[in-house]
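# Structural description and commentary
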Amino acid sequence: MNKDFFKTTKILDGGMGQELLARGMEPKGTLWSANALIEEKYHNLILNIHNDFIKSGADVIVTTTFTTRRKRLRENGIEDQFKFLNQKACEIAQKAKLNNPHIKIAGGLPPQDLTYEEDKRSEKEITKDHLELAEILNPSVDFFYFDVWSSIKEIRCGIEAIKKFNKPYLVGVHISEGNSLPSGEKISEINSIITENCLGVILACVSPENYENNLDEIQKLKVPFGFKLNGFVTTKPKGGYTSQYKENDGSNPNSFLGQRKDLDPEKISIFAKKFRENGATILGGCCETRPSHIEAIKNTI
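The structure reproduced in this document is the subject of the present report. Counting restarts for each chain: residues are numbered from 1 in the order of the written sequence. Since the coordinates come from a predicted model, pLDDT governs what is reported: local features require at least 70, and pairs of side-chain atoms require 80 or more to be given and counted, while whole-chain, interface and lining totals use all residues. Water and hydrogen atoms were dropped before computing side-chain values, which therefore reflect all heavy atoms in the structure.

### Re the packing of helix α3 (residues 43-55) against helix α5 (residues 82-98)
The criterion, for reference: Each axis is a line fitted through C-alpha atoms, and for a helix only the stretch in contact is used; angles between axes span 0 to 180 degrees, taken between their N-to-C directions. Going along the chain from the N terminus, every DSSP run of H or I of four or more residues is numbered as a helix, and every run of E of two or more is numbered as a strand. Each angle is binned into one of four classes, with values under 35 degrees roughly parallel, values over 145 roughly antiparallel, values of 65 to 115 roughly perpendicular, and all other values oblique. Each crossing gets its handedness from the near helix: less than a right angle anticlockwise from the far helix is left-handed, clockwise is right-handed. The contact definition used throughout considers only heavy atoms, calling two residues in contact when any of these lie within 4.5 Å. In this classification, Asp, Glu, Lys and Arg are treated as charged, Ala, Val, Leu, Ile, Met, Phe, Trp, Tyr, Cys and Pro as nonpolar, and every other residue, Gly included, as polar.
The N-to-C vectors of α3 and α5 enclose an angle of 45 degrees; their axes lie 9 Å apart at closest approach. Here α5 runs oblique to α3, going by the angle between their axes. The way α3 lies across α5 gives a crossing that is right-handed. Contacts between α3 and α5 pair His 43, Ile 46, Leu 47, His 50, Asn 51 and Ile 54 from the former with Lys 88, Ile 92, Ala 93, Lys 95 and Ala 96 from the latter. Residues of the contact of α3 with α5, tallied by class, amount to six nonpolar, three polar and two charged.

Have a look at this one:
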């Protein structure tokens, strides 16, 4: 893959998990999008959503692997399906690419512990988890995507985990609010650890306002940058994301993170145009962004 891929403007897809729920997937435990891989009746739904994001203008689709991490499967008593579910996500993404050979498949490597929170385990443990998943994804993907990570340590572990594949990667870091990662570190600190295989750095699953608040920091990076914007009201609810997720059974995160009603496709396109004018070349959506939002972003180019 051309390592200059994101030096010219490219469009990423939108939010798979929330789109599955919006289209009728019945939630199960805290499995979120993984339930659509478990239940064969939803496999075509995943494929249709991939295809709809592509039709809307996405140059990249991300594998449906955000909740196929061992921790989440273990919590729901189906850890034995780890390999099958990740392989199935790759298989469906490959089907989407078969009729759209121009698109790239990003192998989504989610945080291996909690979401929106720093993984405080040892680097050995984190690296091992990422390597196990990367080995399954590697044959089917064009590059790896560090999907909504929360610390420099996690990024360092991810880079080590995928080193043997010599495949490029896109870093997606999260900021819930303010100007620091959940670990307390700054975005610009990423410059000290990324390697020549880094395709770029984005703020992932953040509000447009939060991205703008961190624009000065992300502009300091020496690689292409951009965003995957979400439509949640917050990613830092009172009491913390993890506790709220468990208390609300995790069936639909917008039940406790909120769902913005003002962030329609037109408003997304206004933000995207502004951010592109300020140097962003990687433009996309995350939770609560639908194909119509991606089409609006595409129309700003």
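### Details of unusual backbone geometry
Just so we agree on the cut-off: Burial classes: relative accessible area under 20% of the type maximum marks a residue as buried, over 50% as exposed, and values in between as partly exposed (1.4 Å probe, protein chains only).
In this structure, Trp 32 is a non-glycine residue whose phi angle is positive, near 50 degrees. If you trace the backbone, Trp 32 turns up in the loop between α1 (16-22) and α2 (34-38). Relative accessible area serves as the criterion here: at 9%, Trp 32 is assigned to the buried category. At Tyr 116, a residue that is not glycine, the phi angle is positive and equals roughly 65 degrees. Mapped onto the fold, Tyr 116 is located in the loop between β3 (104-109) and α6 (123-137).

### A few points about the packing of helix α12 (residues 265-277) against helix α13 (residues 291-298)
At a closest axis distance of 8 Å, the pairing of α12 and α13 adopts a crossing angle of 40 degrees. Taken as axis vectors, α12 and α13 run oblique relative to one another. Judged by the sense of rotation from one axis to the other, the crossing of α12 with α13 is right-handed. On the side of α12, the interface is formed by Pro 265, Ile 268, Ser 269 and Ala 272, while α13 contributes Ser 292, His 293, Ala 296 and Ile 297. The residue inventory of the contact of α12 with α13, partitioned by class, reads five nonpolar, three polar and no charged.

From the geometry alone we can't say anything about function, so treat these as descriptive.
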